[in-house]
Amino acid sequence: MKITAFALEHLSLPDEDPNWKFAGQAYPTNDAVLLTLTAEDGTQGWGYAAAFPHLAATALGVEGALQRICPALVGQDAMAIEANLVRVQAALVGNNPAKAAIDCALHDLKARLLGVPLYELLGGKTTDRIAICRMLGLKTPPEMAERAQRLVDQGYRHLKLKVGGSVREDIERLRAVRRQVGDTVRLVADPNQSYRAKDAIVFAQRAIEFDVDIIEQPVRADDLDGLQEVTRASSIAIEADESAYDASSTYRLAASRSINAVSLKVPKMGGLRAVQTAARICEVAHLGCRMGANVGSQLLAAHALHLAVALPNITYACELAEFQKLLNDPFEGLKVVDGHLHVPEGPGVGVVRRAS
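In this report, we go over the structure that sits alongside the text. The structure displayed is predicted, hence computed values, not measured ones. (Residues numbered from 1 in each chain as written. Predicted model: local features only at pLDDT ≥ 70, side-chain atom pairs only at ≥ 80, totals over all residues. Heavy atoms only, no water.)

1. Some words on the overall build of the chain
When helices and strands are counted, the chain shows 11 helices and 17 strands. A compact globule built from 356 residues should have a C-alpha radius of gyration of about 21 Å, and the chain, at 20 Å, falls within 12% of that. The C-alpha extent of the chain, read off along each of the three principal axes, is 60 × 40 × 35 Å. Buried residues in the chain amount to 57% of all 356 residues. Taking as baseline every contact in the chain between residues at least 6 positions apart, the subset at least 24 positions apart corresponds to 72%. (Helix = DSSP H or I, 4+ residues; strand = E, 2+ residues; numbered from the N terminus. Rg over C-alpha atoms; globule rule 2.2 N^0.38 Å. Buried < 20%, exposed > 50% of the residue type's maximum accessible area, 1.4 Å probe, protein only. Contact = heavy atoms within 4.5 Å.)

2. Points about empty space enclosed by the protein
In this structure the tally under the stated criterion is 1 cavity of 30 Å³ or more. One number sums up the size of the largest cavity: a volume of about 230 Å³. As for the largest cavity, its lining consists of 22 residues, of which Phe-22, Phe-52, His-54, Ala-293 and Val-295 are closest to the centre. Grouping the amino acids of the lining of the largest cavity by side-chain chemistry returns 9 nonpolar, 4 polar and 9 charged. (1 Å grid on protein atoms, 1.4 Å probe; cavity = no way out; pocket = protein on both sides within 12 Å on 5 of 7 lines; lining within 4 Å. Points joined across faces, edges and corners; volume = space filled by probe spheres on them. Nonpolar A, V, L, I, M, F, W, Y, C, P; charged D, E, K, R; others polar.)

3. Thoughts on the nonpolar core
Leu-174, Phe-203, Leu-264, Met-291 and Leu-320 are the most contacted members of the largest nonpolar core, which totals 97 residues. If one sorts the elements of this core by residue count, helix α11 (residues 298-310) sits on top with 10 residues. Filtering out sequence-adjacent residues up to four positions away, Met-291 remains in contact with Leu-264, Val-275, Ala-304, Leu-307, Ala-308, Leu-311, Ile-314, Cys-318, Glu-319 and Leu-320. (Core = buried A, V, L, I, M, F, W, Y, C linked by side-chain atoms within 4.5 Å.)

4. Let's talk about the packing of aromatic side chains
Taken as a whole, this structure holds 3 aromatic pairs when the rule is applied. Between Trp-20 and Phe-22, the ring centres sit 6.2 Å apart and the planes meet at 70°, which makes this aromatic pair edge-to-face. When its relative accessible area of 9% is taken as the criterion, Trp-20 is described as buried. A centroid spacing of 4.8 Å and a plane angle of 70° characterise the contact between Trp-46 and Phe-331, whose relative ring orientation is edge-to-face. Here Phe-331 lies in strand β14 (residues 331-332) and Trp-46 lies in strand β5 (residues 44-50), a separation of 285 residues in the sequence. Neither Trp-46 nor Phe-331 differs from the other in exposure class; each is buried. A cation over an aromatic ring shows up here: Lys-162 above the ring of Phe-22, its NZ or CZ 4.9 Å from the ring centre. Over the face of the ring belonging to Trp-20 we find Lys-325, whose NZ or CZ atom lies 4.3 Å from the ring centre. (Phe/Tyr/Trp six-rings, centres within 6.5 Å; stacked < 30°, edge-to-face > 60°. Lys NZ or Arg CZ within 6 Å of the ring centre and 35° of its normal.)

5. Let's talk about the state of the cysteines
One pass over the full model with this rule turns up 0 disulfides. We note that Cys-133 lacks a disulfide partner, and the nearest cysteine sulfur, in Cys-318, lies 9.0 Å from it. We classify Cys-133 as buried; its relative accessible area is 0%. (Disulfide = S-S within 2.5 Å.)

6. Comments concerning the sheet that holds strand β11 (residues 237-240)
With respect to topology, 7 strands assemble into an open sheet ordered β7-β8-β9-β10-β11-β12-β13, the strand pairing being parallel. The outermost strands of the open sheet, each flanked by one partner alone, are β7 (133-136) and β13 (288-291). Direction aside, neighbouring strands of the sheet carry axes that sit 25° apart on average. This element, helix α5 (residues 167-181), spans β7, β8 (158-162), β9 (186-190) and β10 (212-216) of the sheet and lies at about 155° to β8. (Pairing = 2+ DSSP bridges. Axes fitted to C-alpha atoms, helices over the stretch in contact; angles between N-to-C directions.)

7. Topic: the pairing of β8
The element β8 is largely enclosed, with a buried count of 5 among its 5 residues. Of the two faces of β8, the one carrying His-158, Lys-160 and Lys-162 and the one carrying Leu-159 and Leu-161 are both buried. Crossover handedness for the path β7 to helix α4 (residues 141-153) to β8: right-handed. Here β8 runs beside β9; their pairing, made up of 5 bridges, is parallel. Bridge pairing in β9 links Leu-161 to Ala-189. Between the parallel pair β8 and β9, the chain is carried across by α5, and the sense of this crossover is right-handed. (Right-handed = clockwise from strand over helix to strand, strands pointing away.)

8. So, the packing of helix α8 (residues 247-255) against helix α10 (residues 272-285)
The geometry of α8 relative to α10 is characterised by a closest axis approach of 9 Å and an angle of 10° between their N-to-C directions. Between α8 and α10, the angle is such that the two are roughly parallel. Counted together, Ala-247, Thr-250, Tyr-251 and Ala-254 of α8 and Ala-274, Thr-277, Ala-278, Ile-281, Cys-282 and Ala-285 of α10 form the full contact between these two elements. Residue classes in the contact of α8 with α10 are distributed as 8 nonpolar, 2 polar and no charged. (Parallel < 35°, antiparallel > 145°, perpendicular 65-115°, else oblique.)

9. Concerning the layout of surface pockets
In this structure, the largest pocket spans a volume of roughly 330 Å³. Gln-89, Met-269, Gly-270, Arg-273 and Ala-274 are, among the 16 residues lining the largest pocket, the residues nearest its centre. Broken down by secondary-structure element, the contributors of at least two residues to the lining of the largest pocket are α2 (81-91), α3 (96-114), α8 and α10. If one sorts the elements of the lining of the largest pocket by residue count, α2 sits on top with 4 residues. Looking at side-chain class alone, the lining of the largest pocket contains 5 nonpolar, 6 polar and 5 charged residues. There is about 200 Å³ of room inside the second largest pocket. When contributions to the lining of the second largest pocket are tallied by element, the ones reaching two or more residues are β7 and α4. Broken down by element, the residue count for the lining of the second largest pocket peaks at 5 residues, all from α4.

Put into structure tokens, the structure is as follows:
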């Protein structure tokens, strides 16, 4: 079965909160390019190229990359994912979000051609559902506490607080949220690279009081010495996000014992295959890993969900339901029940385009 065509479509998904932000970035809308690959029998597979500037990707950039790469896929065997990914890697250096869209579309297309759920191509599922961690945007302590309570009322038991690099202010955010939601809700703090190593250590020491499970990417992505310093000084698990941007960087972090865990993201790492490789590195290195903030359409979340249920070493709640706060999503099919996302059983990723 050959790939006969590709199509690109711009998407812009506004956040229900136009003031949602994290340290150093604000995203009132989530822009992306939707890739559709069509096989000769008319079957289609979809991929989502997230355009996040903090991942060095814009909508024009990912569209240009896809326009360059995708013609080489036309006429190729739709079932030969690995051979097609070799062509993708040879065509362009970098732009992992664009490569991720191609990787995901190839997997979705093959699974739909075979009539099986995507997780069957990834080793089969180890569970039917994944616990979800929801994010709290960077706001004042009372505002974050109020938003936390709303999410807890919806059934979520894992929350991630965006914090901003000021120890005093960030501890007040933790204090307000913990006081509001009680002791049974699990908390993660994410400074998004906003701390220097010494201050991050102080923050980690004070965060112990609020029973924080993980501190994600406390220092700059390129400050690997600082990241290692914080990890060795902290009794709270330190998780790499921006520092672990592909399988190779994950390997280097694991080899140097610079972290305790890795946040896996399909757009950041360049697709399902790359994330699966990074997860295996974590497995053999005895590091924690989970699906981080794959923010975008239900299509992107569905790809990450199928991989998450196939991995035996997901060690913490995953951030796969942020689509619930985005508007104008062209896809549907995912449902969160009691704070868990259940993997769809239909062909491919199991989500479908909404009726226009």
